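Architecture and fold: a report
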Amino acid sequence: MKLQRMNRRALSLGALAVSGALALTACGSDDTGGSSDSSASSSANASAIKCDDAKGQLLADGSSAQKNAIDAWVKQFTQACSGVQINYKGGGSGAGVTAFTQGQVAFAGSDSALKPEEVTASKSVCTGGQGIDLPMVGGPIALGYNVAGVDNLVLDAKTLAQIFNDKITNWNDKAIKALNPDATLPDLKIQAFHRSDESGTTDNFTKYLIASAKADWPYEGGKAWQAKGGQSAAGSSGVAQQVKQTNGAIGYFELSYVGDAVKPVSIDTGASAPVEATVENATKAIADAKVVGTGKDLSLELNYATKAEGAYPITLVTYEIVCDKGNKAATLPATKAFLRYLASEDGQNVLTANKYAPIPADIIAKVRTTIEGLS
């Protein structure tokens, strides 16, 4: 499949999601896009969804990386369960966790698992329980670039760290030339874009730099960007838009934002060949993850320094964060029905159609069991 063709399709979903069975209300979103399934597939998915007693409005916020997937899921779910309205703002992982711990949303999306202090804060809104992490969406964090005349580009962790730390500032730098001997690299300033908002995408990208190029990335990591160089934009869509309109730009965002003028970087991991940012290669990396959460929490530990053949190392897992106990009675039925659909086989298949990676079978089975026990 050609990324350009896929993403021209992908960018249409935001409009479809609004004009379908549900008009998203209230806050709206700063990220749009995604790809739609065929009408036959839509009907099949809708018929398999169990609405039970789901009704009313669900407010949610968080990861912009999963926004395109959420839009696709909302479209399918609300076709089947017309009594439910879902407003997923997609304001970033940091905003989502804050909204959840303040009791403003039924669930949140985050590309990083809850920190201990966030779990503690959640206990004030989860009566008799606490917030838990349910891995639901996987996918590569693409390094998208826009350099006229360069159609293929390979970078490694050391070079990426130096680019985003403002140490490599020109596209014809000798380090980039060494990784791309056949490319005609221009004498052009590098414009590196990062997230301005707190973001789990930033957290995962910098975890990769810390794991694979610590000497060139002397930062602690986290949702907030810490390096001094570069330019910033809000949300994955904001970074992608800046890269798209700026010759010489590079930024990080999920794969569904690659296309047209934005091309994906292949990563030299030390394996026999550079690894492309694809759904399949991300799944290979997620398959090596370990469940490290305790109790009903299913947070994962990823190997960002993997050198396994074909495993794309800059991969994130987005969690849906929800109370294990103490969910609000008014929203619990709709929350369980929606999350049940997300974790179902049909729901996970929607991910592949929208350039995300499904969660491995043994992990998603645990997620399904946990959802049924929410109270």
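Now for a look at the structure at hand. (Residues numbered from 1 in each chain as written. Predicted model: local features only at pLDDT ≥ 70, side-chain atom pairs only at ≥ 80, totals over all residues. Heavy atoms only, no water.)

Comments concerning the state of the cysteines
One covalent bond between the sulfur atoms of two cysteine residues makes up a disulfide. Our working definition: Cysteine sulfur atoms are paired as a disulfide whenever they come within 2.5 Å of each other. Helix numbering and strand numbering both begin at the N terminus, where a helix is a DSSP run of H or I of at least 4 residues and a strand a DSSP run of E of at least 2. Partly exposed describes any residue whose relative accessible area lies between the buried limit of under 20% and the exposed limit of over 50%, with all areas from a 1.4 Å probe on protein chains only and scaled to the type maximum.
One pass over the structure, following the stated rule, counts two disulfides. Two residues share a disulfide in this structure: cysteine 51 and cysteine 81, whose sulfurs sit 2.0 Å from each other. Every disulfide takes its handedness from the sign of the S-S torsion; for cysteine 51 and cysteine 81 that torsion is -95°, giving left-handed. One end of the pair, cysteine 51, is in the loop between helix H3 (39-48) and strand E1 (56-62); the other, cysteine 81, is in the loop between helix H4 (67-80) and strand E2 (84-88), with 30 residues separating them in the sequence. On the accessibility criterion, cysteine 81 (3% relative accessible area) is buried. In the chain, the bonded cysteines, taken in the order they occur along the sequence, pair up as 1-2, 3-4.

Topic: the pairing of E1
Worth spelling out the cut-off: A pair of strands is labelled paired if DSSP reports no fewer than 2 bridges between them. The handedness of a crossover follows from its direction of travel: if, with the strands pointing away from the viewer, the path from the first strand over the helix to the second runs clockwise, the crossover is right-handed.
Relative to E2, E1 is paired through five bridges, and the arrangement is parallel. What sits directly across from leucine 59, in E2, is asparagine 87. Each parallel crossover has a hand, and for E1 linked through H4 to E2 it is right-handed. Sheet analysis places E1 next to strand E3 (residues 107-110), joined by three bridges and oriented parallel. Paired with glycine 62 across the strands is glycine 109, a residue of E3.

Looking at the packing of aromatic side chains
The test is simple: Two aromatic rings, drawn from Phe, Tyr or Trp (for Trp, its six-membered ring), form a pair once their centres lie within 6.5 Å of each other, and the interplanar angle then sorts them: stacked below 30 degrees, edge-to-face above 60, tilted otherwise.
Overall, the coordinates contain ten aromatic pairs when judged by the stated rule. On the numbers, 6.0 Å between centres and 40° between planes, the contact of phenylalanine 107 with phenylalanine 338 is tilted. Pair noted here: phenylalanine 107 is in strand E3 and phenylalanine 338 is in helix H12 (residues 332-343), with a separation of 231 residues, a long-range link. For the pair shown, phenylalanine 107 and phenylalanine 338 are each scored as buried. Aromatic pair tryptophan 217 and tyrosine 219: ring centres 4.9 Å apart, planes at 70°, arrangement edge-to-face. Residue tryptophan 217 is classed as buried on the basis of its relative accessible area of 1%.

Here's the deal with the nonpolar core
The following threshold applies: Here, nonpolar core refers to any group of buried Ala, Val, Leu, Ile, Met, Phe, Trp, Tyr and Cys residues whose side-chain atoms link them within 4.5 Å. Any pair of residues with heavy atoms lying within 4.5 Å of one another is described as a contacting pair.
The biggest cluster of nonpolar side chains holds 108 residues, and the ones touching the most others in it are Trp73, Met136, Leu143, Leu160, Phe164 and Ile250. If we skip the residues at most four places from it in the chain, tryptophan 73 touches Met136, Val137, Phe338, Tyr341, Leu342, Gly347, Gln348, Val350 and Leu351.

Some remarks on unusual backbone geometry
With phi around 50°, aspartate 52 is a residue other than glycine that occupies positive phi space. Locating aspartate 52 in the fold gives a position in the loop between H3 and E1. One non-glycine residue, aspartate 166, adopts positive backbone phi at about 65°. Inspection of the secondary structure puts aspartate 166 in the loop between helix H7 (157-164) and helix H8 (174-179). For aspartate 166, a relative accessible area of 43% translates into the label partly exposed.

Focus: the side chain of aspartate 111
Keep this limit in mind: We treat Lys and Arg as the positive residues and Asp and Glu as the negative residues; His and chain ends play no part in the count. What makes a salt bridge here is a side-chain nitrogen of Lys or Arg within 4 Å of a carboxyl oxygen of Asp or Glu, nothing more. Any N or O atom pair separated by 3.5 Å or less is treated as a polar contact, with the protein-specific requirement of one donor-capable and one acceptor-capable atom, and with residues adjacent in sequence counted only for side-chain atom pairs.
As for its placement among the helices and strands, aspartate 111 is situated in the loop between E3 and helix H6 (116-122). Arginine 195 provides the closest opposite charge to the buried, unpaired aspartate 111, separated from it by 5.9 Å. A polar contact is formed between the side chain of aspartate 111 and the side chain of serine 63, at a distance of 2.8 Å. Once residues within four sequence positions are removed from consideration, aspartate 111 is found in contact with Ser63, Ala65, Ser93, Gly200, Thr201, Asn204, Leu316, Val317 and Thr318.

A word on the side chain of glutamate 320
Structurally, glutamate 320 is set in strand E13 (residues 315-323). The buried charged residue glutamate 320 lacks any salt bridge partner; its closest oppositely charged side chain belongs to lysine 67, at an N-O distance of 12 Å. Here the side chain of glutamate 320 touches glutamine 66 through a polar contact of 3.2 Å, side chain to side chain. Setting aside its immediate chain neighbours within four residues, glutamate 320 contacts Gln66, Phe107, Ala108, Gly109, Ile132, Asp133, Leu134, Met136, Val137, Leu339 and Leu342.

Looking at the packing of H12 against helix H13 (residues 345-353)
Stated precisely, the cut-off is as follows: A fitted line through C-alpha atoms represents every axis, and for helices the fit uses only the stretch in contact; the resulting angles, taken between N-to-C directions, go from 0 to 180 degrees. Working rule for angles: under 35 degrees goes down as roughly parallel, over 145 as roughly antiparallel, 65 to 115 as roughly perpendicular, anything else as oblique. In this classification, the charged set is Asp, Glu, Lys and Arg, the nonpolar set is Ala, Val, Leu, Ile, Met, Phe, Trp, Tyr, Cys and Pro, and all remaining amino acids, among them Gly, are polar.
Two elements in contact, H12 and H13, have axes whose closest approach is 4 Å; the angle formed by their N-to-C orientations is 60°. With respect to H13, the element H12 is oriented oblique. In this structure, H12 uses Tyr341, Leu342 and Ala343 to contact H13, whose residues at the interface are Glu345, Asp346, Gly347, Gln348 and Val350. Its residues assigned to classes, the contact of H12 with H13 comprises four nonpolar, two polar and two charged.

Considering H12
Keep this limit in mind: To estimate the expected span of a helix, count its residues, drop one, and scale the result by 1.5 Å.
With twelve residues, H12 should reach 16 Å at 1.5 Å per residue; the first-to-last C-alpha distance of 16 Å fits that figure. Counting buried positions over the twelve residues of H12 gives ten, a clear majority of the element.

Focus on the environment of alanine 72
Within the secondary structure, alanine 72 sits in helix H4. Sequence separation between alanine 72 and asparagine 354 is 282 residues, and the spatial gap between their C-alpha atoms is 8.0 Å.

Quick look at the pairing of E3
Within a regular strand, side chains alternate between the sheet's two faces. Residues of E3 alternate between two faces, with Phe107 and Gly109 on one and Ala108 and Ser110 on the opposite face, all of them buried. Bridge count between E3 and E13: three bridges; the pairing is antiparallel. Its bridge partner lying in E13, serine 110 is registered against tyrosine 319.

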